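Here is what each chain is made of, one letter per residue.
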Amino acid sequence: MTSTGPSGYVHVLSTQTTLTESLRPLLEAHGVRVEVFEDVERLMQTLAECAPEVVVLDLALIPGEERLKALCERIAESTRRRPSLIGLAADQERGEETLARRLAARRAGLVSYVPRLVSVRRLASRILALCGFLEASRYRILLAVENPDAGRRLSHMLAAVGMKTLILSDPMKLLARMAAFRPNLLLLEMNFSQVSGIELAAIIRDDEQFHGLPILFLTDETDPIRQLWALRAGGDGFVPMSAGRDALVAAIERQLRLSRWLQDRFRLANRRESARGFLPREVFMSYLEHLLQNWAPGSERQGLLLLDLDSGRRLLERLGHGGLERRLRELEQVLGRHLNVNEAATRLDDFRYAILVRRDGPEKLQALADQLHEHVKGLAPRDSANIQPMTLSIGVSCFNPPPADLSALLARVELAVRSAAQAGGDRVHFWSPVTTESATVMTEAVIKRLVRTALEQDGLRLLFQPILPVDPHAEGLYEAQVRLRTIGGEELSPADFLTVAARAELTSKIDRWVLQRTWQTLAEQAGLGALPRLLVHQNLTTLAISDWWNWLRQQRTHIAPLHTRTVLEFQIAEIQRRRAEAESIFARLAEQDIEVCAAGVMGREDEAQLLAKLGVRLAKLTIEAGRATDPAYLPNVVQAFRSQDISLIVPGIDGPDDLRRVWMCRPEFIQGHYLQLPSPDLDFDFQTLMQ
């Protein structure tokens, strides 16, 4: 049985003494041990004893594509670790033969191919990345399409809006044309007669010159698995082959602006530095949402795993950011080795990962989670006397029964991973629906009963989503969001139960619970640094109750000065209906040093004027207003409210396109799942993210 050994072993098959001797100190400076072999059999014998992270193969010692493929298969079968294989070109390449050789290497099993005259430092950087070390005019569009007529049709549409194009019908000339043309974006047909666009994308991502180039696939492909393969290979999205000019230009401009203005912010520049099978978070979440919205036969075989690092904060304190990132990079390599070509993973935040898997039945899904759990426990720290081992709480959910939407699916795995953590962590819990013989859709009576029970038995849950300032020197805040737990453990969003609660006259009780729990959470933060600002939704009907102000005074004896870090959020529709009452309540809140925010704002000028008269200095747009298709709408809204001295929150930032579009309008605050999902903790690092 092959042992996995410590992370950081590299085996090099080469007779180039100058290269290996120059490479060794560059790698050993990072704690990577290098073993050099001059023949294949000695390499294979050592592989059986200790599996490295990376194997570098000098292709001059392995003549022929079949021999290379056979050796790659031997290496893969010799160890469970499945090291990453780098091929060093046998000789200097010229012209169009470059792509043919790289295509053959990719098909043989290599994950990276470097030219013969590569610098030692560049080769070392590539090896270190695969070992888990992070090194930290007019648009030019290359059209790679097999049918020249289709290429000319697309070229004419793009030329009409001022873009420069180059049409390429022979895919084997792609790298040479890219090097000469230096495109800003590649439109790549998904299927050529001699090669697939997916293979071409993977080769492009492996090239140092083009790893950050936006790639859009030209295809009418609707198979979700094929789409996932394309994204995993390095694609950024899809454009229908029959797209008209407006749709084509819009898709291209979104990717170009993303690449040019916000590349560092999105961390999409170097897709090839990711572990095998990993996608950027927004690409992963967008695909997952698409999968749920376009349910296809076989989707019930899908499953989602949520991995939460136990004691992540403690590990961060002991290891520091650099040390923890190194450990997490090792974890990502382990996770990537367990994924097949139909699966993908992503890093959700500092301490959590999500994995989309495809297995035959819950038993095999459970078996995979158990296997991951055991392998991660094998990641022993280098100084086990001083550093606790890395352990995970893993939540698992299959897609059967089908979840209503992405939020419902995430709620399932959140519930499972929370259950695992509450049971002590370092274990796997599987979500399963609680069903009865009379299970039906929840009626209003059932929801009323759930709300009443939740208020009596602490069945409500409070999550916090950060609201980021666009100005990096301004202060951010969190929005408190309430959830209702069902008997089966799933969580209902406010839209699913607050209207029913209002008809049952339970709104004021929920409002007070939310305020009390918010202040309790703030009190727990006392002593851990500056207290964050909290945006908390309330209703005017709650504050209009005669004893509310007495209740607030009683609370202040326990929570002062926490109330001054609270911003109360009211719906603009209620403010307009009860204007006189709102004016009186807002004035009394100002006396208590409590700020007010108006939510559900459409962006009309009369709204801004009303809020200014009432002394409201913060407003939150509706998601629909923030996503208005008119490009002039949002900038005008921002300016209109700013002229009334009102800061604006734009929600609904659920992807890179949203962020790019809203960022250019420069509102005061932005919010959305792309920036950060709601969490029970107040531990978001505003400063680091906005730098």
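In this text the structure is predicted, and so the values were computed from the model without any measurement.

The rules behind these values
Residues numbered from 1 in each chain as written. Predicted model: local features only at pLDDT ≥ 70, side-chain atom pairs only at ≥ 80, totals over all residues. Heavy atoms only, no water. Helix = DSSP H or I, 4+ residues; strand = E, 2+ residues; numbered from the N terminus. Buried < 20%, exposed > 50% of the residue type's maximum accessible area, 1.4 Å probe, protein only. Areas by Shrake-Rupley, 256 points an atom, 1.4 Å probe, with all protein chains shown as cover. Pairing = 2+ DSSP bridges. Axes fitted to C-alpha atoms, helices over the stretch in contact; angles between N-to-C directions. Contact = heavy atoms within 4.5 Å. UniProt positions renumbered as here; feature names shortened; annotations may be inferred. Polar contact = N/O pair within 3.5 Å; in protein donor to acceptor, adjacent residues only side chain to side chain.

Now for the overall build of the chain. What the chain contains, in helices and strands, is 27 helices and 24 strands. Taken across its 691 residues, the chain has 54% of its residues classed as buried. With an accessible surface of roughly 30800 Å², the chain has 48% of that area assigned to carbon and sulfur atoms.

Another point: the sheet that holds strand β13 (residues 352–358). Strands pair in a sheet through their backbones, by hydrogen bonds, and they do so in one of two ways: parallel or antiparallel. Taken in spatial order, the five strands line up as β12-β13-β11-β14-β15 in an open sheet, and their pairing is mixed. The open sheet has two free edges, formed respectively by β12 (344–347) and β15 (427–430), since each of these has just one partner strand. Each strand axis lies, on average, 15° off the axis of its neighbour in the sheet, ignoring direction. Helix α12 (residues 281–293) contacts β11 (302–309), β12 and β13 of the sheet and is inclined by roughly 40° relative to β13.

Burial analysis of helix α9 (residues 224–233) places eight of its 10 residues in the buried class, the great majority of the element. Listing the buried residues of α9 in full gives Pro224, Ile225, Arg226, Gln227, Leu228, Ala230, Leu231 and Ala233. Looking one or two residues past α9, Gly234 carries a phi angle of roughly 130°, positive in sign.

So, on to the UniProt feature "modified residue: 4-aspartylphosphate" (unreviewed entry) in the chain. Following the UniProt record, the feature "modified residue: 4-aspartylphosphate" (unreviewed entry) maps to Asp58 here. With respect to the helices, strands and loops of the structure, Asp58 is situated in strand β3 (residues 54–58). In this structure Asp58 touches Leu13, Ser14, Thr15, Gln16, Leu88 and Arg116, once residues within four positions along its chain are discounted.

With respect to the secondary-structure elements, Thr622 resides in the loop between β22 (618–621) and α24 (623–626). By relative accessible area, Thr622 is classed as buried at 14%. Engagement of the side chain of Thr622 in a polar contact is seen with the backbone nitrogen of Ala625, the distance being 3.0 Å.

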